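In case you want the letters, here they are:
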Amino acid sequence: MSLSGTRADRKERTRESLMRAGRTLFAQRPVESVSIDELVVAAKVAKGSFYNHFEDRDALARSVAGEIRTLLNDRALLLNAD
């Protein structure tokens, strides 16, 4: 595996950890009440890593919402295919 592949894999794992933390915390409380500090602790990443992937908490929330919207749309298409 190349060094750039390793870096890309690590970057993707970090982003997915942040997304997972966002899904969990935003499901429990309103977005406005979740701090970036809480998100990075839950994701087990450095605070600087958060800003490498998202401009702010709302950008993460939009990404989480987009992911959920895509998942629901895909499932609706699958159910309606029959």
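As a reminder, the structure under discussion sits directly above these lines.
Residues numbered from 1 in each chain as written. Predicted model: local features only at pLDDT ≥ 70, side-chain atom pairs only at ≥ 80, totals over all residues. Heavy atoms only, no water.

Draft legend 1. A look at helix H2 (residues 36-43). Those residues of H2 not exposed but buried are Ile36, Leu39, Val40 and Ala43. Each buried residue of H2 sits inside an arc of 90° when the element is viewed along its axis, so together they form one side. One or two residues past the end of H2 sits Lys44, with phi positive at roughly 60°. (Buried < 20%, exposed > 50% of the residue type's maximum accessible area, 1.4 Å probe, protein only. Helix = DSSP H or I, 4+ residues; strand = E, 2+ residues; numbered from the N terminus. Arc of directions from axis to C-beta.)

Draft legend 2. Main features of the environment of Arg57. Position of Arg57 relative to the elements: it lies in helix H4 (residues 57-81). For Arg57, a relative accessible area of 23% puts it in the partly exposed group. Excluding anything up to four places from it in sequence, Arg57 contacts Phe26, Val31, Glu32, Val34, Ile36, Leu39 and Phe50. A polar atom in the side chain of Arg57 sits 3.3 Å from the backbone oxygen of Glu32. From its side chain, Arg57 meets the backbone oxygen of Val34 in a polar contact 3.1 Å long. (Contact = heavy atoms within 4.5 Å. Polar contact = N/O pair within 3.5 Å; in protein donor to acceptor, adjacent residues only side chain to side chain.)

Draft legend 3. Broad picture of the nonpolar core. In this structure, Leu18, Phe26, Leu39, Val40, Phe50, Phe54 and Leu60 are the most contacted members of the largest nonpolar core, which totals 17 residues. Broken down by secondary-structure element, the contributors of at least two residues to this core are helix H1 (3-28), H2 and H4. Element by element, the count of residues in this core is highest for H1, at five residues. Setting aside anything within four residues of it in sequence, one finds Phe54 in contact with Arg15, Leu18, Met19, Ala59, Leu60 and Ser63. (Core = buried A, V, L, I, M, F, W, Y, C linked by side-chain atoms within 4.5 Å.)

Draft legend 4. Here's a closer look at H4. Taking 1.5 Å as the rise per residue, H4 with 25 residues should run 36 Å; its terminal C-alpha atoms sit 36 Å apart, in good agreement. Taken as a whole, H4 has its buried residues at Ala59, Leu60, Ala61, Val64 and Gly66. One side-chain oxygen at the N-terminal end of H4 lies 3.2 Å from the backbone nitrogen of Asp58; it belongs to Asp56. (Expected span 1.5 Å × (residues − 1).)

Draft legend 5. Structural view of the side chain of Thr14. Topologically, Thr14 is positioned in helix H1. Filtering out sequence-adjacent residues up to four positions away, Thr14 remains in contact with Val45, Ser49 and His53.

Draft legend 6. Structural detail: the packing of aromatic side chains. Per the counting criterion, the structure on display carries two aromatic pairs. With centroids separated by 5.2 Å and ring planes inclined at 80°, the aromatic side chains of Phe50 and Tyr51 adopt a geometry described as edge-to-face. By relative accessible area, Phe50 is classed as buried at 0%. Residue Tyr51 is classed as partly exposed on the basis of its relative accessible area, which comes to 44%. Centroid distance Phe50 to Phe54: 5.8 Å. Interplanar angle 40°. Geometry classified as tilted. Neither residue differs from the other here; Phe50 and Phe54 are each classed as buried. Ring pairing ties together the aromatic residues Phe50, Tyr51 and Phe54, which thus form one cluster. (Phe/Tyr/Trp six-rings, centres within 6.5 Å; stacked < 30°, edge-to-face > 60°.)

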